[in-house]
Amino acid sequence: MKAKKPETNPFVPLLKGTKQAAIPLGFYLMRPMGENGQLDIYLSVKSQFHQTHYYGVGSYYKPIANIDF
Amino acid sequence: MQPPSYFRLFSACIPVQGVLHALLFDLERKSFYKIPNLLAEILDKTHQQSIPEIKAHYEHQYDEGIDTFLKEFESKELGFYTDEPEAFPKLDMYWDDPLDIQTAVVEMENTDAYNLENVLQQLDDLGCAALQLRLLSPITAQQINTLLKPSQESRLRQIELLVAQFKGDAKAAVDLMHSNRRISLFVQFNKEQKQLIETSDFVGTIVHSTKALPKAASDCVSPNNFTFDVKLFSEAHSYNTALNRKVCIDAEGYIRNYLSHPKAYGHISNKQLTEVVQMESFREKWLVHNDQIEICKDCPYRYVCLFNSDLQLKNHKWHKTERCGYDPYTDQWQTTASTPATNQPNQ
């Protein structure tokens, strides 16, 4: 039988819910967005590698050039 | 029960110190508050120290002020008290983007000067996401449709269309927006009166302006143009947000960092954009961010503004060759349009 290629993607164990999935310390912090009652959700995961990943709500594009009109 | 001894700003609420005062930016709600530099310093300390420790650091001179401000920040939902400060780390200001080129400005006066279809194809190859197309000659909706046809299959997501003289009526403009959904902004210059047209029929905005569209028009910096966005804010810590990942082609077809910059990196007819954007000299100014530029480094707006001015290295210090209307040393807005630096005081 052909040997299975080892998993190299560090996120695969997380997705599979193995023991490693419990290692990152994650939290959601929800903040009301005022009049519209929208919720802004921050997900900050401080992993075992001490990397902080941020996912926010906001426009993707920056302005190109602001000319006077 | 003891109240929590640590205070944390929400991660998208970030204080920035300036020479006269600081600003507390709320990047999510797109607003900012003017605060004293001392308070920004105190807020910075909240990442390492508890409130009692901070009060002791200042020998209890500011206890009342610290309590008042922190309560105010809590009531404005800018921050919160906690006993678990390590659970709320600072936002990482590392920035990167998969696109080789994010934005482009292309100016056309004479459609024979260069091949726009070829330019759009090259921009697509570079992953360009947003294009500002400036058309300086009188043009019809049909001609614009023909020019933009190659963009319909491209990776471009947003097109700003600036037209010096649009030869068409209101219906033609609306139809143009309908058939080119990537157009987010369509400015028609030299109109008799100002007008703003926004309808639910299309996503973009049509603007009628009484002003002229000059060749290689410079940027206009005003508080209305500030961008409150985590991505831009973090980019501004390591890159020149205006010039980074941008390429421009002027009306004659010369490739530049920005239209108003004197240095050209070849002509689009005989130089590939892919080749130009890999040139070290073309990329040099991408890396010069506001913290490294004289005057800008003292400005509290330095992470939210976008100004395409050229840069000059004098005595090992970077300067912008144009001045925006804000003077951080007096906290005054002088004018909304950028002007050559040589005409401005307080250089």
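Note on numbering: residues in each chain are counted from 1, in written sequence order. Labels are handed out in written order, letters beginning with A for the chains and numbers beginning with 1 for the ligands. Local features in this predicted model are restricted to residues of pLDDT 70 or higher, and side-chain atom pairs are both shown and tallied only at a pLDDT of 80 or more, whereas totals for entire chains, interfaces and linings draw on every residue.

Novice: Please clarify how the overall build of chain B should be interpreted in this entry.
Specialist: A count of helices and strands for chain B gives 9 helices and 19 strands. Projected onto its principal axes, the C-alpha positions of chain B cover 75 × 50 × 40 Å. Counting other C-beta atoms within 10 Å of a residue's C-beta gives its exposure: the residue is buried at 20 or more, exposed at 12 or fewer, and partly exposed in between, where C-beta atoms are placed from the backbone. The buried share of chain B, taken over its 347 residues, is 39%. Within chain B, counting contacts between residues at least 6 apart in sequence, those at least 24 apart form 63% of the total. For helices the rule is a DSSP run of H or I covering at least 4 residues; for strands it is a run of E covering at least 2, with both sets numbered from the N terminus onward. Two residues qualify as a contact pair if the distance between their C-beta atoms, derived from the backbone, is within 7 Å.

Novice: For this particular structure, what's the right way to read the overall build of chain A?
Specialist: When helices and strands are tallied, chain A shows 1 helix and 3 strands. Going residue by residue from the N terminus, the α and β elements of chain A occur as α-β-β-β. Looking at the 69 residues of chain A, the share that counts as buried comes to 10%. Counting only contacts in chain A whose residues sit at least 6 apart along the sequence, the fraction spanning at least 24 positions is 7%.

Novice: Even after reading the chapter, I still don't get the pairing of strand 11 (residues 205-208) of chain B, so can you show me in this structure?
Specialist: In summary, the side chains of a regular strand alternate between the two faces of the sheet. Residues and elements named next belong to chain B. Because side chains alternate across strand 11, one face comprises the buried residues Ile206 and His208, and the other comprises Thr205 and Val207, none of which is buried. For two strands to be treated as a pair, DSSP must find no fewer than two bridges joining them. Across 4 bridges, strand 9 (residues 183-188) lies against strand 11 in parallel orientation. What sits directly across from leucine 185, in strand 11, is threonine 205. With 3 bridges joining them, strand 10 (residues 195-197) and strand 11 adopt antiparallel strand pairing. Within strand 11, the position partnered with isoleucine 197 by the bridge is isoleucine 206.

Novice: Please clarify how the sheet that holds strand 4 (residues 31-35) of chain B should be interpreted in this entry.
Specialist: Each strand in a sheet pairs with another by means of backbone hydrogen bonds, the pair being arranged parallel or else antiparallel. All names here are of chain B. Taken in spatial order, the 3 strands of this open sheet run 2-3-4, and their pairing is antiparallel. Every interior strand has two partners, whereas the edge strands, strand 2 (13-17) and strand 4, have only one. Ignoring strand direction, the axes of neighbouring strands in this sheet form an average angle of 20°. Sheet topology note: the strand 3 (residues 22-26)/strand 4 ladder contains 5 bridges and is antiparallel. Considered in strand 4, the bridge of leucine 24 is made with tyrosine 33. Here, axes are lines fitted to C-alpha atoms. For helices the fit covers the stretch in contact, and angles between N-to-C directions go from 0 to 180 degrees. Running over the sheet, helix 1 (residues 37-45) touches strand 2, strand 3 and strand 4 and is turned about 130° from strand 2.

Novice: Explain the confidence of the model for chain A here, please?
Specialist: For residues with low pLDDT, the predicted coordinates do not support detailed interpretation. Residue and element names in this part refer to chain A. A residue's pLDDT is the confidence the predictor assigns to it, expressed on a 0 to 100 scale. Per-residue confidence for chain A gives a mean pLDDT of 45, with 12% of residues at or over 70. Mean pLDDT in chain A bottoms out at strand 3 (residues 52-55), which sits at 32, and peaks at strand 1 (residues 25-32), which reaches 43. Every residue in residues 32-60 is under pLDDT 50, and counting partners more than four places away or in other chains gives 48 contacts.

Novice: Would you take a moment to explain the pairing of strand 6 (residues 103-108) of chain B for this structure?
Specialist: Residues and elements named next belong to chain B. Here strand 6 lies mainly inside the structure; 6 of its 6 residues are buried. Burial along strand 6 is two-sided: Thr103, Val105 and Glu107 and Ala104, Val106 and Met108, pointing in opposite directions, are all buried. Where strand 6 lies against strand 7 (residues 130-135), 6 bridges are found, and the strand directions are parallel. Residue valine 105 lies in a different strand from strand 7, and its bridge partner there is glutamine 132. When the strands point away from the viewer and the path from the first strand over the helix to the second turns clockwise, the crossover is right-handed. The parallel pair strand 6 and strand 7, bridged by helix 4 (residues 116-125), forms a crossover whose chirality is right-handed. Relative to strand 12 (residues 246-249), strand 6 runs parallel, the two sharing 4 bridges. If you follow alanine 104 over to strand 12, its bridge partner there is valine 247.

Novice: I tried to follow helix 6 (residues 170-179) of chain B on my own but got confused; where do I start?
Specialist: For the α-helix, the turn length of 3.6 residues means that residues three or four positions removed from each other point alike. Residues and elements named next belong to chain B. Listing the buried residues of helix 6 in full gives Ala173, Leu176 and Met177. One face of helix 6 carries all of its buried residues, which in axial projection span an arc of 100°. The outward face of helix 6, more than 90 degrees from its buried face, is lined by the exposed residues Lys171 and His178. Each element contacted by the buried residues of helix 6 is listed here: helix 5 (141-148), strand 9 and strand 11. For this quantity, the arc is that covered by the directions from the helix axis to the C-beta atoms.

Novice: Just to check I follow, could you spell out the packing of helix 5 of chain B against helix 6 of chain B for this structure?
Specialist: Between two packed helices, what matters for the description is the angle formed by their axes and the separation of those axes. All names here are of chain B. Two elements in contact, helix 5 and helix 6, have axes whose closest approach is 10 Å; the angle formed by their N-to-C orientations is 15°. Compared by their axis directions, helix 5 and helix 6 come out roughly parallel. Considering how the two elements wind past one another, helix 5 and helix 6 form a crossing that is right-handed. The residues of helix 6 that touch helix 5, namely those facing Ala141, Ile144 and Asn145, are Ala172, Ala173, Asp175, Leu176 and Ser179. Looking at the contact of helix 5 with helix 6 residue by residue, the class counts come to 5 nonpolar, 2 polar and 1 charged. By the definition adopted for this analysis, an angle is roughly parallel if under 35 degrees, roughly antiparallel if over 145, roughly perpendicular if from 65 to 115, and oblique otherwise. Crossings are assigned a handedness: left-handed for a near helix turned anticlockwise from the far helix by less than a right angle, right-handed for a clockwise turn. Put simply, Ala, Val, Leu, Ile, Met, Phe, Trp, Tyr, Cys and Pro go in the nonpolar bin, Asp, Glu, Lys and Arg in the charged bin, and everything else, Gly too, in the polar bin.

Novice: What is the right way to look at the sheet that holds strand 9 of chain B in this model?
Specialist: Reading across from one edge, 10-11-9-8-7-6-12-13 (chain B) is the order of the 8 strands in this open sheet, with mixed pairing throughout. With one partner strand each, in any of the chains shown, strand 10 and strand 13 (255-256) of chain B form the two edges of the open sheet.

Novice: Can you walk me through the environment of Lys211(B) in this structure?
Specialist: Positionally, Lys211(B) belongs in the loop between strand 11 and helix 7 (230-235). Residue classification places Lys211(B) among the partly exposed residues on the basis of 14 C-beta atoms within 10 Å. Between the C-alpha atoms of Lys211(B) and Lys194(B), which are 17 residues apart in sequence, the distance is 9.1 Å. If we ignore the near neighbours within four places in the chain, the residues touching Lys211(B) are Asp68(A), Phe69(A) and Phe189(B).

Novice: Before we go on, may I ask you to explain unusual backbone geometry in this structure?
Specialist: Residue and element names in this part refer to chain B. Non-glycine residue glutamate 59 carries a positive phi angle of around 55°. Structurally, glutamate 59 can be placed in the loop between helix 2 (51-57) and helix 3 (63-75). Under the C-beta neighbour-count criterion, glutamate 59 is labelled exposed, with 8 such atoms within 10 Å. The backbone phi angle of arginine 245 is positive, close to 55°, even though this residue is not glycine. Here arginine 245 shows up in the loop between helix 7 and strand 12. What makes arginine 245 buried here is the crowd of 23 C-beta atoms within 10 Å.

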